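So you can see what is in the structure, the chains are spelled out below.
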Amino acid sequence: MGGSSGIRRSPVRRRRCNQENGLAVPFFKWAGGKNQLIPDFEERFPVELRNGHLDRYVEPFIGGGAVFLYVVQHFPIKESIICDINEELILTYQVIKQDVDPLISLLSGYQEEYDGLDDSGRTSFFYRMRDEMNGERKGFDFSGYGTAWVKRAAQLLFLNRTCFNGLFRVNSKGAFNVPFGRYKNPRIVHPSNLLKVSSLLSHTTILLGDFSISREYINDQTFVYIDPPYRPLSKTSKFTSYSRDGFSEDDQVRLSRFFSELDTTGAKVMLSNSDPKNEDPDDHFFDDLYREFRMERVLAKRMINSVGDKRGEINEIIVMNYHVQNL
Ligand SMILES: C[S@@+](CC[C@H](N)C(=O)[O-])C[C@H]1O[C@@H](n2cnc3c(N)ncnc32)[C@H](O)[C@@H]1O
């Protein structure tokens, strides 16, 4: 397929975001969330997604799940497969799928207790929860589902809602180390949203592991959306060649081979990543990796600096193994 690399803004913003429509939205604040790019993606979704010829959806790097939730609520998808290497994240998806009522009860208890505290009480509540969750990590069984998972998911969701910037960040030992966030009235539990997500997950297979394990679920009736960790943008961090998720340049190359392999199955595949040309116009890394496929560039607003919250407009690349038909 011929490559094209023109940059364009979405002319059509047909659909309003899920939340405005009363639909399920991501329950985790997650770095790299794709909510604001959905209109750009939607314009480029394969036509077979609309007419029901693609009824399986696979997302091998699920993160906060913005695109997954959008796709399964707007298109006639019969089953989905989601995957991520982050065990805490996958644990939370499993609990929402299997035990949403006890999860909501626990979170509602946390909400009530937290709301009744003054600032210093809230700070100590947060750090007690963080210490407890980190203390229980060693020896925690992330492979066998059990009742301990419900409490851990509640702790994670609580910390995600109340920590600084809603980040999920762990140190080299896997301990969650984000400080307290001092939000005025954080919404710790959103029962109706969790119930909607739970019902959508009932038709979803949830996998923990490397993206490659999703391969066996992909066939010619599948739409695959791939959103890997970004390749580090800044010139200085480039030399470390690892993203914060530990995803190396070799992994980006391995992923491009995976993309080519999926192409041979007849699946329709879309991938997004940040454009290295934002920093270095001569950096052709992704143009080279995906030269056999169609590539477009769109403008995206996102954090461009992990220190502080410097935001800016930069390009995102979208790679597709199919031609887009404008409707
Ligand atoms: C850019 S985020 C995805 C963001 C997501 N699309 C959203 O809207 O929130 C990338 C995700 O890839 C996961 N990840 C990192 N390495 C992975 C690997 N080798 N296989 C699968 N998932 C991986 C991270 O845990 C992270 O959740």
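Everything numeric in this text was worked out from a predicted model, so none of it was measured. Counting from 1, residues in each chain are numbered in the order their sequence is written. Note on the predicted model: pLDDT of at least 70 is required for a residue's local features to be given, and 80 or more for side-chain atom pairs to be given and counted; whole-chain, interface and lining totals, by contrast, use all residues.

Let us look at the overall build of the protein. Under the scheme used here, helices are H or I runs from DSSP no shorter than 4 residues and strands are E runs no shorter than 2 residues, and both carry numbers assigned from the N terminus. Regarding its fold elements, the protein presents 11 helices and 7 strands. Pairs at least 24 residues apart make up 70% of the contacts formed inside the protein by residues separated by at least 6 positions. Remark: residues whose backbone-derived C-beta atoms lie within 7 Å of one another are considered to be in contact.

Turning next to the site of the ligand. In the vicinity of the ligand, 22 residues are found, and the nearest of them are Gly32, Phe61, Gly63, Gly64 and Asp227. The set of elements that each furnish at least two residues to the shell around the ligand consists of helix H3 (66-74) and strand E2 (79-84). Under the scheme applied, nonpolar residues are Ala, Val, Leu, Ile, Met, Phe, Trp, Tyr, Cys and Pro; charged residues are Asp, Glu, Lys and Arg; polar residues are all the others, including Gly. Considered class by class, the residues forming the shell around the ligand number 12 nonpolar, 5 polar and 5 charged. For each residue, a C-beta atom is positioned from the backbone; the residue is called near a molecule or strand if that atom sits within 6 Å of it.

Multiplying 1.5 Å by the residue count of a helix minus one yields the expected span of that helix. With 12 residues, helix H4 (residues 87-98) extends 16 Å between its outermost C-alpha atoms, agreeing within 8% with the 16 Å of an ideal straight helix rising 1.5 Å per residue. Remark: C-beta atoms are placed from the backbone, and a residue is labelled buried if 20 or more other C-beta atoms sit within 10 Å of its own, exposed if 12 or fewer do, or partly exposed between those counts. Along H4, the residues that are buried comprise Glu88, Leu89, Leu91, Thr92, Tyr93, Val95 and Ile96. As for H4, its buried residues are in contact with E2, helix H5 (100-115), helix H7 (148-162), helix H8 (191-201) and strand E3 (204-208).

Think of each axis as a best-fit line through the C-alpha atoms, taken over the contacting stretch in the case of a helix, with angles from 0 to 180 degrees between the N-to-C directions. Between helix H6 (residues 119-137) and H7, the shortest axis-to-axis distance is 10 Å and the interhelical angle comes to 135 degrees. Judged by the angle between their axes, H6 and H7 are oblique. Judged by the sense of rotation from one axis to the other, the crossing of H6 with H7 is left-handed. Each of Phe126, Met129, Arg130, Glu132, Met133 and Glu136 in H6 lies in contact with H7, whose residues at this interface are Arg152, Gln155, Phe158, Leu159 and Thr162. Tallied by class, the residues present in the contact of H6 with H7 amount to 5 nonpolar, 2 polar and 4 charged. The scheme is simple: roughly parallel for angles under 35 degrees, roughly antiparallel for over 145, roughly perpendicular for 65 to 115, oblique for anything else. Left-handed describes a crossing whose near helix is turned anticlockwise from the far helix by less than a right angle; the clockwise case is right-handed.

Next up on the list: the nonpolar core. Among buried residues, those of type Ala, Val, Leu, Ile, Met, Phe, Trp, Tyr and Cys that are joined through C-beta atoms within 7 Å form a set called a nonpolar core. Residues Ile96, Leu103, Leu107, Ala153, Ala154 and Val224 are the most contacted members of the largest nonpolar core, which totals 78 residues. Domain limits in this description derive from either an automatic procedure or a database domain assignment. Three or more residues apiece are contributed to this core by two domains, here domain 1 (19-85 + 209-320) and domain 2 (91-184). In this structure valine 224 touches Val58, Ile218, Leu262, Ala267 and Val269, once residues within four positions along its chain are discounted.

Look at H5 against H7: their axes get within 9 Å of each other, and the N-to-C directions meet at 45 degrees. Judged on the interaxial angle alone, H7 and H5 are oblique. Along this stretch, H5 crosses H7, giving a crossing that reads as right-handed. When H5 is examined against H7, the residues Pro102, Leu103, Leu106, Leu107 and Tyr110 are found in contact with a partner set consisting of Val150, Lys151, Ala153, Ala154, Leu157 and Phe158. Each residue belonging to the contact of H5 with H7 can be placed in one class, and the counts come to 10 nonpolar, no polar and 1 charged.

As a further point, take the pairing of E2. Regular strands show a simple pattern: their side chains alternate between the two faces of the sheet. Of all 6 residues that make up E2, 5 are buried, and the element is covered over most of its length. DSSP bridges decide pairing: two strands pair if at least two such bridges lie between them. In this structure, strand E1 (residues 56-59) lies alongside E2, joined through 4 bridges in parallel fashion. The partner of arginine 56 across the bridge, within E2, is glutamate 79. Look down the strands so they point away from you; if the path from the first strand over the helix to the second goes clockwise, the crossover is right-handed. At this point the chain moves from E1, through H3, to the parallel E2, and the crossover so formed is right-handed. With 5 bridges joining them, E2 and E3 adopt parallel strand pairing. Looking across to E3, one finds that aspartate 84 is bridged to leucine 208.

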